[in-house]
Amino acid sequence: MKGEASPAVELIKVSKSFDAVQAVRELSLTIRQGELLTLLGPSGCGKTTLLNMLAGFEVPSAGSIVIGGRDVTAVPPYRRNTGMVFQNYALFPHMNVFDNVAFGLRMRKMAKFEMARAVGHALEMVKLEGLASRRIRQLSGGQQQRVALARAIVIEPKVLLLDEPLSALDRNLRGAMQVELRELHERTGLTTLFVTHDQEEALGLSDRIVVMSRGEIQQVATPLELYRLPANGFVASFIGEINRLPPARCRTEGNDVVFEIAGGIVLRARKRNQPTIGAGQETHLFVRPEHLTLVEGDRPAPNRVSCRVTAHLYQGAYTLTRVDAGPLGNLQLRVLGGEVIAAAPIGSQIKISIDLDKAVILAG
Amino acid sequence: MNAWLATRLSAGLFWSAVALILGYMTIPALVVLMTSVSPSELLEFPPSGFSLRWYERALTYPDFQGAFVNGLIVTAFASSLSLLIGSAFAYLVERYTFGGRVALEAILASPLIVPHFTTGFGFLLLGANLRIGQSYAVVVATHVLLTLPFVTRSVYVSLRNLDPALERAATNLGASPLQVLRRVTLPLLLPGMAGGWLVAAMLSLTEFTASLYVTAQRTQTLPVAMYTYVREYTDPTIAAISALLITFTTILMLIANRYLGLRRILAIDAH
């Protein structure tokens, strides 16, 4: 497989403590050549510390960092050849666009004509050709973002580090910038580490996602795997919306797995290849809102449950409907369109079907 | 209608208050300015006519000429030295945590507490003891000390306002610590440093109390020469030279405002 021969970046049992706080614990991670890897986690999970250690702004308390086959743990930040895009862009206000982008090349003592060509090419890549002589203050937020990107890619870094680069943009621009970031990544082929707390960004942009919490890796997977098969409860509830059902005892019955939940509720799923779950074990069931459906009338449906509607959150393309399902607790359904608001008013009794074949089942 | 009246009244009150404060602040300078154009041999207010003869005398009086040049020399050296020392201090205090940091900050603010009289007197005694008497060196040393808190504060504020991400960005792009200082930190501190220098220059040009002690005839600055003049003569020359000094300092202020933004310089008082 591509990349497995020589990883772009290797973190080997890296730890970092600030006084009494351990920000990163014995973390090991490999970034493949040319991939776009996202560090995703809530604030304070250690993702920014990890990024700063890669750039060299923080020194690990233990462990080592290898970039492009060279151990850089003790190498100062200005000799690491990483290209960083900062959250607030950190463009030099006393220089124009050209000088900002050329800064890294000047530090590398590149010849004038070569520099002009490289800067021109980088500005073309981020679609800012013709703005080279603009002052930074004259640029919009989106344009500043592009200058910051051009400044980082022009030095052809071993790894491109993006520190929540979209968080300062307004919502509309963010979507467009996501697409452009992805395109830019395809064109440059640069190994990229993207840090964000926004799961939508992570799911939309990444080749692989690293979910972090409390200084540790929870799961490393492709966006699809992560959404369908979260490794634990934290990942399940951090990525997308999910309903957590009360703990259940499970046993097998022919081709089915039967889950018994306190309050006399019995749910069934088809048996599947899940070695972690054995008979009699306590399990946790996680169900996405889109896998709960309204059942009309007495139509037969698997895992029918009665419940009472408590709220509707209209989202345009769909509605999030909240229900009180008795022993199953409060659940959230995702219903297409907005007709449900009139069809099942708040306070009314309805029947829902829980599709456990797509549920996430974790051993207790 | 009532609401309209109330708005008009409160607006009237507001502008009256502004006018009152403005008048109060400028009255002494206005009185001196008016007196300076009086044709009379004696200091009189209000003036009985208009004449520029005292300006001619002020500009040609040898003691004033000498003192003005002295003042410029002292100011040039004092504010430059003050800038150098103050910048270093500000950098130290802002960037490093070390024992005695609080004490250092207190010492830096001390010229605001110790009367100029005491500072001047102290330097006079010290100068005599070191047998350098009332030389330029002693005058400059006094002025450096008096202007240091203002310069330090100005550079300190600029350092505080400097986004640390900018220095990190430069480092990330391959700039060594020295290159970061030369290409990013210093250029961005320049307005604050220039502002600090100008404030120091204005303070030094008009400083009187301490200068009275540490200067001799040979090294006296303009305010000291003016004081000596008032003790001997009572004609409006003194008003004319005051007006000239005010004008000169105002021009400095205007330059500062034009190129650096007055707000930035005045921010030296803001914590």
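How each quantity is defined
Once a new chain begins, its residue numbering starts again from 1 and follows that chain's sequence as written. In the order they appear in the text, chains get letters beginning with A and ligands get numbers beginning with 1. Two thresholds apply to this predicted model, a pLDDT of at least 70 for residue-level local features and 80 or more for giving and counting side-chain atom pairs, whereas whole-chain, interface and lining totals are computed over all residues. Based on all heavy atoms of the structure, the side-chain values leave hydrogens and waters out of the count. Counting from the N terminus, the helices are the DSSP runs of H or I reaching at least four residues and the strands are the DSSP runs of E reaching at least two. A 1.4 Å probe rolled over the protein chains alone gives each residue an accessible area, and that area as a share of the maximum for its type sets the label: buried under 20%, exposed over 50%, partly exposed in between. Note on contacts: a residue pair is in contact if any heavy atoms of the two residues lie within 4.5 Å. Here the aromatic set is Phe, Tyr and Trp, taking the six-membered ring for Trp, and pairing holds for ring centres within 6.5 Å; pairs whose planes are under 30 degrees apart are stacked, those over 60 apart are edge-to-face, and all others are tilted. Any Lys NZ or Arg CZ that is within 6 Å of a ring centre and within 35 degrees of that ring's normal is treated as a charge sitting over the ring. Patch membership requires more than 30% relative accessible area and the absence of a salt bridge. Residues of like charge join within 9 Å; the nonpolar side chains Val, Leu, Ile, Met, Phe, Trp and Tyr join within 5 Å. Note on areas: Shrake-Rupley with a 1.4 Å probe; residue coverage comes only from the protein chains shown. The rule for a salt bridge is simple: a side-chain nitrogen of Lys or Arg has to be within 4 Å of a carboxyl oxygen of Asp or Glu. One bridge is not enough; two strands pair if DSSP finds at least two bridges between them. With axes taken as lines fitted to C-alpha atoms, and helix axes fitted only over the stretch in contact, angles between N-to-C directions fall between 0 and 180 degrees. Summed over both partners, the accessible surface that disappears when two parts come together, traced with a 1.4 Å probe, is what is meant by buried area. What qualifies as a polar contact is a pair of N or O atoms within 3.5 Å, subject to a donor-acceptor requirement within protein and to the restriction that residues adjacent in sequence count only when both atoms come from side chains. Ten residue types, Ala, Val, Leu, Ile, Met, Phe, Trp, Tyr, Cys and Pro, are classed as nonpolar, four, Asp, Glu, Lys and Arg, as charged, and the remainder, Gly among them, as polar. Orientation categories follow fixed angle ranges, with anything under 35 degrees roughly parallel, anything over 145 roughly antiparallel, 65 to 115 roughly perpendicular, and all other angles oblique. By the definition used in this description, the sense in which the near helix is turned from the far one sets the handedness, with an anticlockwise turn below a right angle giving left-handed and a clockwise turn giving right-handed. Residue count minus one, scaled by 1.5 Å, sets the expected span of a helix. Nonpolar cores are built from buried Ala, Val, Leu, Ile, Met, Phe, Trp, Tyr and Cys residues. Side-chain atoms within 4.5 Å join them into one set. Residue ranges for the domains originate in an automatic or database domain assignment.

## Some points on the overall build of chain B
Part 1 of the argument: Scanning chain B for helices and strands turns up twelve helices and zero strands.
Part 2 of the argument: Counting only C-alpha atoms and orienting by the principal axes, one finds that chain B spans roughly 75 × 70 × 30 Å.
Part 3 of the argument: Expressed as a percentage of the 271 residues in chain B, the buried residues total 40%.
Part 4 of the argument: Of the contacts made within chain B by residues no fewer than 6 positions apart, 71% connect residues no fewer than 24 positions apart.

## What to know about the environment of A:P223
All names here are of chain A.
Part 1 of the argument: If you trace the backbone, P223 turns up in helix α7 (residues 223-228).
Part 2 of the argument: For P223 and P165, which are 58 residues apart along the polypeptide, the C-alpha to C-alpha distance reads 20 Å.
Part 3 of the argument: Excluding anything up to four places from it in sequence, P223 contacts A202, L203, S206, D207 and I209.

## A few points about the packing of aromatic side chains
Part 1 of the argument: Applying the stated criterion to the full structure yields 13 aromatic pairs over all chains.
Part 2 of the argument: Between A:F57 and A:F86, the ring centres sit 6.5 Å apart and the planes meet at 40°, which makes this aromatic pair tilted. Placement of the pair is A:F57 in the loop between α1 (47-55) and β4 (62-67) and A:F86 in the loop between β6 (82-85) and α2 (97-107), with a sequence separation of 29 residues.
Part 3 of the argument: Relative to B:Y213, the ring of B:F117 lies with its centre 5.3 Å away and its plane at 80°, an arrangement referred to as edge-to-face. One end of the pair, B:F117, is in helix α5 (residues 116-129); the other, B:Y213, is in helix α9 (residues 209-214), with 96 residues separating them in the sequence.
Part 4 of the argument: Each residue in the set B:Y61, B:F64, B:Y229 and B:Y233 is aromatic and connected to the rest through ring pairs, giving one cluster.
Part 5 of the argument: Looking at A:R334, its charged tip hangs above the ring of A:Y318, at a distance of 3.7 Å from the centre.
Part 6 of the argument: When the ring centre of B:Y233 is taken as origin, the NZ or CZ atom of B:R57, which lies over that ring, is 5.5 Å away.

## Regarding a nonpolar patch on the surface
Part 1 of the argument: Judged by side-chain polarity, B:L20, B:I21, B:Y24 and B:M25 come together as a nonpolar surface patch covering roughly 550 Å² of accessible area.
Part 2 of the argument: Judged by relative accessible area, B:M25 falls into the exposed class, the value being 60%.

## Structural notes on the sheet that holds strand β10 (residues 216-221) of chain A
Residue and element names in this part refer to chain A.
Part 1 of the argument: The strand order across the open sheet built from six strands is β6-β7-β8-β3-β9-β10, with neighbouring strands paired in mixed fashion. This sheet does not close on itself; its edge strands, each paired only once, are β6 and β10. In this sheet, neighbouring strand axes are inclined to one another by 20° on average, regardless of whether the strands run parallel or antiparallel.
Part 2 of the argument: Across four bridges, the pairing between strand β7 (residues 159-163) and strand β8 (residues 192-196) is parallel.

## A closer look at the interface of chain B and chain A
Part 1 of the argument: On the side of chain A, 24 residues touch chain B, which itself brings 18 residues to the contact.
Part 2 of the argument: Interface area, chain B with chain A, both sides summed: about 1800 Å², of which 68% is carbon and sulfur.
Part 3 of the argument: Per-residue buried area on chain B facing chain A is highest for B:R168, B:N172 and B:L173; these three make up 40% of the total on that side.
Part 4 of the argument: At the junction of chain B with chain A, the criterion picks out zero salt bridges.
Part 5 of the argument: Our enumeration of links across chain B and chain A arrives at five residue pairs in polar contact (both at pLDDT 80 or more).
Part 6 of the argument: Looking at the side of chain B that touches chain A, the elements that each hand over two or more residues are α7 (164-172) and α8 (177-206) of chain B.
Part 7 of the argument: Counting residues per element, the side of chain B that touches chain A draws most heavily on α7(B), which supplies seven residues.
Part 8 of the argument: Looking at the side of chain B that touches chain A residue by residue, the classes come out as ten nonpolar, five polar and three charged.

## Here we look at the packing of helix α3 (residues 62-95) of chain B against helix α10 (residues 222-232) of chain B
Residue and element names in this part refer to chain B.
Part 1 of the argument: Running from amino to carboxyl end, α3 crosses α10 at an angle of 160°, the nearest separation of the two axes being 8 Å. Taken together, the axes of α3 and α10 are roughly antiparallel relative to one another. As for the relative orientation of α3 and α10, their crossing is right-handed in sense. Between α3 and α10, the contacting residues are D63, F64, A67 and F68 on the first element and L222, A225, M226 and Y229 on the second.
Part 2 of the argument: Within the contact of α3 with α10, the residues separate by chemical class into seven nonpolar, no polar and one charged.

## A few points about the sheet that holds strand β17 (residues 304-314) of chain A
Residue and element names in this part refer to chain A.
Part 1 of the argument: Within the open sheet, the five strands sit side by side as β16-β20-β17-β18-β19. Their pairing is antiparallel. This sheet does not close on itself; its edge strands, each paired only once, are β16 (292-295) and β19 (330-336). Sheet twist, expressed as the mean angle between neighbouring strand axes with direction ignored, is 50°.
Part 2 of the argument: Alignment of β16 against strand β20 (residues 349-354), held across four bridges, turns out to be antiparallel. Residue pairing in the sheet places V295 in a bridge with K351 of β20.

## Some points on helix α5 (residues 171-188) of chain A
Residue and element names in this part refer to chain A.
Part 1 of the argument: Relative to the 26 Å expected for 18 residues at 1.5 Å per residue, α5 spans 26 Å between its end C-alpha atoms, a close match to the ideal helical length.
Part 2 of the argument: Every buried residue of α5 is accounted for by M177, Q178, E180, L181, R182, L184 and H185.
Part 3 of the argument: On its buried face, α5 sits against β3 (36-40), α3 (112-125), α4 (141-153), β7, β8 and α6 (199-205).
Part 4 of the argument: Directly after α5, the chain includes G189, whose backbone phi takes a positive value near 70°.

## Remarks on the nonpolar core
Part 1 of the argument: Ranked by size, the top nonpolar core spans 81 residues in total, and within it A:F92, A:V101 and A:F103 carry the most contacts.
Part 2 of the argument: Setting aside residues no more than four positions away along its own chain, A:F92 makes contact with A:N100, A:F103, A:I136, A:R151, B:L166, B:A169, B:A170, B:L173 and B:V184.
Part 3 of the argument: With 29 residues, the next largest nonpolar core counts A:A269, A:L285, A:I354 and A:I361 among its residues.

## Here we look at unusual backbone geometry
Part 1 of the argument: In this structure, the amide linkage connecting B:F45 to the following residue, B:P46, adopts the cis form with an omega of -5°.
Part 2 of the argument: With respect to the helices and strands, B:P46 occurs in the loop between α1 (2-36) and α2 (53-60).
Part 3 of the argument: Even without being a glycine, A:D19 presents a positive backbone phi close to 50°.
Part 4 of the argument: With respect to the helices and strands, A:D19 occurs in the loop between β1 (9-18) and β2 (21-31).
Part 5 of the argument: Backbone geometry at A:E164 places phi at a positive 40°, although glycine is not the residue there.
Part 6 of the argument: You can see A:E164 is positioned in the loop between β7 and α5.
Part 7 of the argument: The buried category is assigned to A:E164, whose relative accessible area is 8%.

## Looking at the domain arrangement of chain A
Residues and elements named next belong to chain A.
Part 1 of the argument: We note that the domain assignment places domain 1 (9-238) and domain 2 (243-363) within chain A.
Part 2 of the argument: The partner domain 2 presents five residues to the eight residues of domain 1 that form the contact.
Part 3 of the argument: Interface of domain 1 and domain 2: buried area, both sides summed, is about 570 Å²; carbon and sulfur atoms make up 53% of it.
Part 4 of the argument: The largest per-residue losses of area from domain 1 upon contact with domain 2 belong to Y227, P230 and A236, which jointly make up 65% of the total buried on that side.
Part 5 of the argument: Remark: the boundary between domain 1 and domain 2 carries two residue pairs in polar contact (both at pLDDT 80 or more).
Part 6 of the argument: Elements supplying a minimum of two residues to the side of domain 1 that touches domain 2: α7 and α8 (233-238).
Part 7 of the argument: With three residues, α7 is the largest single contributor of residues to the side of domain 1 that touches domain 2.

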